[in-house]
Amino acid sequence: MRSHRPLVLVLAGVLVLSGCTAAPGPPPLHPTPGASGAGDPYYPDDGNGGYDALDYHVDVGYDPASGHLDGDTTVTAKATQDLSRYDLDLRGLDVASVEVDGKPAKFSREKDFELVITPPQPLPAGSTFHTRVRYSGDPSRTAHDGGAETGWSRSTDGGAFMVGEPHSAAFWYPVNETPRDKATFSVTAHVPDGWTVISNGRSSAPTSAGGKTTTTWTEPTPIASYLTTLAIDKFTVKRSALPDGTPVVSAYAPGAESLEATGDQLPSVLAFLASKFGPYPQSAAGGIYLAEDIHFSLETQTRPTYAKWATLLTLVHENAHQWFGDSVSLDSWSDVCLNECFASYAQWLWSEHEGENLDNRYRAALEITHGSTDFWNRKLVDPGPGHEFEAVYDKGILALHALRRRMGEGPFSELLRTWTTEHRHANASWADFTKLVNRLAGQNLDGFLDDWFRTAKLPSDADLYPGSLRP
């Protein structure tokens, strides 16, 4: 019996081993290309699919004398599908190399602005990855569409500035250029000594070495890419703080000194807007005041950019956007009224604050426009591609004042604050807005909202003169 025990033990060991199974491996990947557009029907090629951008770090060197830019941008993103390849948006500029997680990646250029990247290995859904792109060129030579899209512009005194809507970021760094994909942002810029760089958020102390000044600006609040900016000039910079400690940085280009008196009123403007919309939602405040005759100012996040003709009401408008458009961002460009109608109505609220009777102003405006087919034949919501900005600055104001009188003062005031609170630092749609209006009004106002915002005609008499607006 004893002589058989080793055999029994061996057989038992074999049986035990044969019952063991290896730990399951990762599920097989099914990689496919990310979409070359984010899905906005107004701009179907804008943005990209297959990933969620989390952060941009842009490193640029710029020479004002030649207009040459050297860029080195790292995009941190999370894959939302198994990715065989994906796109970033980049207009013009020459790409020297692309790396994904530190390894060289294949790349190509397609259409007008698609930078198509094939990583060394497919990227699993849910994984976080880093794309580094090195590029260069003169961004001011890249074609743009005009209007509110100026591309990278050189200022009259040799500096440069970047503002544009709906496209701006892709003129100077690779990006998922859609408001649907907000991300944190920082830029480190190197310019010749004597020049100053202004951007979004808060800055490090500039350092100088080898004839170059380096400054880093960081915006920790998620930002839509068209709201990022860079301005390079021989600025006069004024620094202060709001009562809660929020830093205020305002920069005045040579020739824009006359705007300082307007810029100095920013703390009182922000205090007023906060009383209407809730606490200031950004990490910093201030302004970039240009001596340029561009035909628009823009609500670049934390630090709006102003044309040389800017007034106090422009200051009110662009800073109202820090709530409406910047903190609460649109989901589709068809809903741009959620940005512009409210920023424009903020100008009326400021006038009311200064003593103006808005009901009288509303009725006076109707007397002027009542018979104007051109004025009323414009939709505020879903007006069609290319028509987004036609009615929001005038008809949009009247629509919101009528809504205020239709809802009543209390519910409308609650609407302004609840909208900016419930969707803070996120995206929202017109459908979200109508649901909130109906909830706070305690009744269904879909008909009223459609009559004013979705119809290209004079509203019905009942919707035109709600509440105290009846003559």
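Being a predicted model, the structure only gives us computed values, none of them experimental.

The secondary structure content of the protein amounts to twelve helices and 23 strands. Its C-alpha atoms give the protein principal-axis dimensions of roughly 115 × 60 × 45 Å. By element, 54% of the accessible surface of the protein is carried by carbon and sulfur atoms, the whole surface being about 19,100 Å². In the protein, 38 positive and 59 negative side-chain charges are present, and the distance between their average locations comes to 6 Å.

Here helix α5 (residues 337–353) crosses helix α8 (residues 395–407) at 70°, and the two axes come no closer than 8 Å. Classified by the angle their axes make, α5 and α8 are roughly perpendicular. The way α5 lies across α8 gives a crossing that is right-handed. From α5, C341, F342, S344, Y345, W348, L349 and E352 reach across to α8, where they touch G396, I397, L398, L400, H401 and R404. Across the contact of α5 with α8, the residue classes break down as eight nonpolar, three polar and two charged.

Glancing now at helix α11 (residues 446–454). For α11, every residue scored as buried is listed here: F448, L449, D451, W452 and F453. For α11, the arc enclosing every buried residue in end-on projection is 165°, short of the 170-degree limit, so these residues lie on one face. In this fold, the buried residues of α11 make contact with α5, α6 (358–369), α7 (373–376), α8, α10 (430–441) and α12 (461–464).

Across the sheet, four strands lie side by side as β10-β11-β17-β13; this open sheet has antiparallel pairing. Two strands close off the open sheet at either side, each with one partner strand: β10 (149–154) and β13 (196–198). Mean inter-strand twist for the sheet, computed between neighbouring axes without regard to direction, equals 20°. Sheet topology note: the strand β11 (residues 160–164)/strand β17 (residues 231–233) ladder contains two bridges and is antiparallel.

Of all nine residues making up helix α4 (residues 312–320), eight are buried, and the element is well covered by its neighbours. Within α4 the residues assigned to the buried category are L312, T314, L315, V316, H317, E318, N319 and A320.

Read from one edge of the open sheet, four strands run β18-β19-β20-β21, paired in mixed fashion. Of all strands in the sheet, those with a lone pairing partner are β18 (236–241) and β21 (305–306), marking the two edges. Pairing of strand β19 (residues 247–252) with strand β20 (residues 285–289) involves five bridges; the strand directions are parallel. The residue of β20 that forms the bridge with A251 is I288.

It is worth spelling out the confidence of the model for the protein at this point. Per-residue pLDDT for the protein has a mean of 94; in total, 94% of the residues score no lower than 70. Throughout residues 1–19 the model reports pLDDT below 50, and contacts reaching past four residues in sequence, or to other chains, amount to zero contacts.

This paragraph deals with the packing of aromatic side chains. Applying the stated rule across the entire model yields 25 aromatic pairs. An aromatic cluster is defined as three or more aromatic residues linked by ring pairs; in this entry it consists of F277, Y280, W323, F324, F342, W419, W430, F433 and F453. Note that R91 overlies the ring of F171, its terminal NZ or CZ placed 5.5 Å from the centroid. In this structure, K234 is placed above the aromatic ring of W195, and the distance from its NZ or CZ to the ring centre is 4.9 Å.

Before going further, it helps to spend a moment on the UniProt feature "domain: Peptidase M1 membrane alanine aminopeptidase" (unreviewed entry) in the protein. Summarizing the sequence annotation, UniProt attributes the feature "domain: Peptidase M1 membrane alanine aminopeptidase" (unreviewed entry) to residues 289–452 in the numbering used throughout. What you have in residues 289–452 is 54% helix and 5% strand, and the ends, taken at the C-alpha atoms, are 35 Å apart.

Put simply, the largest pocket is a space of about 440 Å³. For the lining of the largest pocket, the elements supplying multiple residues, two or more each, are α4 and α5. With four residues, α4 is the single largest residue contributor to the lining of the largest pocket. Among the residues making up the lining of the largest pocket, the classes are represented as nine nonpolar, ten polar and seven charged. Reported here for the second largest pocket is a volume of approximately 210 Å³. Here the lining of the second largest pocket is built from residues that sort into two nonpolar, two polar and eight charged.

How each quantity is defined
Residues numbered from 1 in each chain as written. Predicted model: local features only at pLDDT ≥ 70, side-chain atom pairs only at ≥ 80, totals over all residues. Heavy atoms only, no water. Helix = DSSP H or I, 4+ residues; strand = E, 2+ residues; numbered from the N terminus. Areas by Shrake-Rupley, 256 points an atom, 1.4 Å probe, with all protein chains shown as cover. Lys, Arg positive; Asp, Glu negative; His and termini not counted. Charge placed at Lys NZ, Arg CZ, Asp CG, Glu CD. Axes fitted to C-alpha atoms, helices over the stretch in contact; angles between N-to-C directions. Parallel < 35°, antiparallel > 145°, perpendicular 65-115°, else oblique. Left-handed = near helix turned anticlockwise from the far one by under 90°. Contact = heavy atoms within 4.5 Å. Nonpolar A, V, L, I, M, F, W, Y, C, P; charged D, E, K, R; others polar. Buried < 20%, exposed > 50% of the residue type's maximum accessible area, 1.4 Å probe, protein only. Arc of directions from axis to C-beta. Pairing = 2+ DSSP bridges. pLDDT = per-residue confidence, 0-100. Phe/Tyr/Trp six-rings, centres within 6.5 Å; stacked < 30°, edge-to-face > 60°. Lys NZ or Arg CZ within 6 Å of the ring centre and 35° of its normal. UniProt positions renumbered as here; feature names shortened; annotations may be inferred. 1 Å grid on protein atoms, 1.4 Å probe; cavity = no way out; pocket = protein on both sides within 12 Å on 5 of 7 lines; lining within 4 Å. Points joined across faces, edges and corners; volume = space filled by probe spheres on them.

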